[in-house]
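As a plain string of letters, each chain reads:
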Amino acid sequence: MQKHDICPHYKSGYCTSPMLDTPTADVTSPNRCFNSFKGCRYFVDTGEEKQGLELYQSVEQEIKFYPLVNVMESPLESSCENYRPMRTGKGYVAFCTALGRILTVTNAEMCSKYWRSCPYRT
Ligand code: SF4
Ligand code: SF4
């Protein structure tokens, strides 16, 4: 599945749309969230490019404090749909959209080799 086919509000089986008071799994479905999310009444178009820039900026902020734990010498790849490798001013890092945080280098190695059995995937 292409990454851009997944609704940006979909996180670990839950819908985190700003239209809802709290995230819920009651409204998610594979057909809606992975294919036709733009027609979903809970979908809010925030603009993917802006989201990418905001994500990059928050990642830059976070790794200022933990560069040794998070920064990889060379970029690791993973076939997990939640895995986002990123190049930052300090080096390469990996972000997990299911966890909503930067992965440690050890985590990223697990995502690269054993992503199929990761408990955070849905
Ligand atoms: S498609 Fe709709 S239900 Fe699914 S995550 Fe997006 S906004 Fe929520
Ligand atoms: S932690 Fe799991 S869900 Fe997140 S990127 Fe790695 S393999 Fe995917």
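All values reported here derive from a predicted model rather than from experimental measurement.

### Things to note about the site of ligand 1
- The environment of ligand 1 is formed by 13 residues, the closest being Cys-7, Cys-15, Cys-33, Phe-37 and Cys-40.
- Its residues assigned to classes, the shell around ligand 1 shows nine nonpolar, three polar and one charged.

### Observations regarding the nonpolar core
- One finds Tyr-83, Val-93, Ala-94, Phe-95, Cys-96, Ile-102, Leu-103, Ala-108 and Cys-111 forming the largest nonpolar core, which totals nine residues.
- Looking at this core, the elements that each hand over two or more residues are strand 4 (92–96) and helix 4 (105–114).
- In terms of residue count, strand 4 provides more of this core than any other element does, four residues in total.
- In this view, Cys-111 contacts Ser-78, Cys-80, Tyr-83, Ala-94, Leu-103 and Cys-118; residues no more than four positions away in its chain are not counted.

### Concerning the site of ligand 2
- Lining the immediate environment of ligand 2, one finds Cys-80, Asn-82, Tyr-83, Cys-96, Ala-98, Leu-99, Cys-111, Trp-115, Cys-118, Tyr-120 and Arg-121.
- Considering only residue class, the shell around ligand 2 consists of nine nonpolar, one polar and one charged.

Basis of the calculations
Residues numbered from 1 in each chain as written. Chains lettered and ligands numbered in written order. Predicted model: local features only at pLDDT ≥ 70, side-chain atom pairs only at ≥ 80, totals over all residues. Near = placed C-beta within 6 Å. Nonpolar A, V, L, I, M, F, W, Y, C, P; charged D, E, K, R; others polar. Core = buried A, V, L, I, M, F, W, Y, C linked by C-beta atoms within 7 Å. Buried ≥ 20, exposed ≤ 12 C-beta atoms within 10 Å, placed from the backbone. Helix = DSSP H or I, 4+ residues; strand = E, 2+ residues; numbered from the N terminus. Contact = placed C-beta atoms within 7 Å.

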